[in-house]
Amino acid sequence: MALPRKRQALSLREIVAVTVTAGASALDHRSAAARAARAARREARAVAVAGVADPRIDRVMVRKAVLNPAANAVAAAIGAAHRPPEAASMGASVLPIELHAGARIRAHVAREGFRFEDFPQVLGAAGGPKWLSLYGMDRVLAPRVRAAARSRGTPTDLIGASIGAWRFAAWAHDDPVAALDRLFEAYVDPTPFANPTASFDALFRHYLDAMFEDGGREQILECVPLKLHAIVAGFSARGPHLPRLGWAAVRNAVSRERFLRGLERIIVGARPLDAELASAWPHRHLALDADTLVPALLATAAVPGMLAPIRDLDPKVRAIDGGIVDYHFDGSPCAGRFTLYPHFRDTLTPGWFDKPWRARHRAAAEVDDLLVICPSPAFVAELPGARIPDRGDP
């Protein structure tokens, strides 16, 4: 999980205030009239995202949804087109989110309508500060995904790498919105950066302790409707890991398959994933429990050169950032299961070393069982710098 460089609280708060794609932001310093207007827009967006749980939404309802403009994005999952013609006349600026659905999901929604109950797993990408663009969306989705799991009667698997796993740890709290708020407040607080000698290990533990306030550890482990799975990359504990990582990058330049043969994908999870998924997406399962929860969350965020590898999960393995092996995923974790993916964009980059290899990137809609919810281009264009936050921001 990459971190921003030393930053000023105001600039990050301003960024987050405009990057929450749905839900509330408590960071408004404007006049009372401006606050009221912003509150109305946030409510409209929250209602819009909540509306995707309504199976009655169809093209007719979208045409009538003048007060619910983001419902146009919901219609993207209903046909081959990602946006109905009506969206153009309503203006791009009112569409904070887009949905990009694979073929099987589009066909299913066309027959049955959209329900969160139909998605037994959710993916969370690595990306460090990019998660700030999903903070508001998480606040809206987490309670609804939990409610859907209870309604369905079977748990939903939350599979995340790096910051994706941290977000999902917050989702698995009894009050996920409060946990997300605590994580956010700790994450944007510049105070720890005032000490130039502070270690990243101490900083990351501070972030986790802030999120875990009020019994969070126990709540995650005891959560029945949501099951957390943290992805880590494992190297042999023999010898230094950075040279091994360098050779892994060289192998990745040849092929991703060769890269994957040089390390181990480990998933520290609340339960083993089903056999079909394990076959399509090879990994080793370790149990998530009181002894492995914190090490797993530290390991999945252990950016090489920033945080030392974690050896508390398996003494024979140096565990590092899960984004190294599964940065934004490649579709394999779907394995025939409908998968919800709140993401930063509508494309998938398999591993961290695949970023420069454009031929390995793919459109989310090419994955039959995947539904990506992401900020719309028009929304991103309104952000500072017309882009999603990254670790280069002050």
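Throughout, residues of each chain are indexed from 1 in the direction in which the sequence is written. Where totals are concerned, whole chains, interfaces and linings use all residues; where local detail is concerned, this predicted model gives features only for residues with pLDDT of at least 70, and gives and counts side-chain atom pairs only at 80 or more. As a convention, hydrogens and water are excluded, and side-chain values are obtained from all of the structure's heavy atoms.

### Let's talk about unusual backbone geometry
- Of note, Asp214 is a non-glycine position whose phi angle comes to about 65°, a positive value.
- Position of Asp214 relative to the elements: it lies in the loop between helix H10 (200-212) and helix H11 (216-222).
- In this structure, Ala386 takes a positive phi of about 55° despite not being glycine.
- Along the polypeptide, Ala386 turns up in the segment after helix H16 (377-381).
- Only protein chains enter the calculation, and the probe is 1.4 Å; a residue is then buried if its accessible area is under 20% of its type maximum, exposed if over 50%, and partly exposed in between. Look at Ala386 and you get partly exposed, because its relative accessible area is 44%. Helix and strand definitions here come from DSSP, where helices need a minimum of 4 consecutive H or I residues and strands a minimum of 2 consecutive E residues; each element is numbered from the N-terminal end.

### Focus on a negative patch on the surface
- Patch building starts from residues that exceed 30% relative accessible area and form no salt bridge, then joins like charges within 9 Å and nonpolar side chains (Val, Leu, Ile, Met, Phe, Trp, Tyr) within 5 Å. The protein chains shown are the only cover counted for residues, whose accessible areas, like all others here, come from Shrake-Rupley with a 1.4 Å probe. Criterion for a salt bridge: a side-chain nitrogen of Lys or Arg within 4 Å of a carboxyl oxygen of Asp or Glu. Within this scheme the basic residues Lys and Arg register as positive and the acidic residues Asp and Glu register as negative, but His and the chain ends are omitted. Positions of charges follow a simple convention, taking NZ of Lys, CZ of Arg, CG of Asp or CD of Glu. A surface patch of like charges, here negative, comprises Asp174, Asp175, Glu218 and Glu222.
- On the secondary structure map, Asp175 appears in the loop between helix H8 (163-171) and helix H9 (176-188).
- The class of Asp175 is partly exposed, set by a relative accessible area of 42%.

### Some remarks on the pattern of salt bridges
- Within the structure shown, the criterion is met by 16 salt bridges.
- Between Asp138 and Arg167 there is a salt bridge, with its nearest N and O atoms 2.7 Å apart. Taken together, the residues Asp138 in helix H7 (residues 135-152) and Arg167 in helix H8 connect sequence positions 29 residues apart.
- Among the charged side chains, a salt-bridge network with shared partners connects Arg256, Arg265, Asp326, Asp354 and Arg360.

Nothing here speaks to function; it is geometry throughout.
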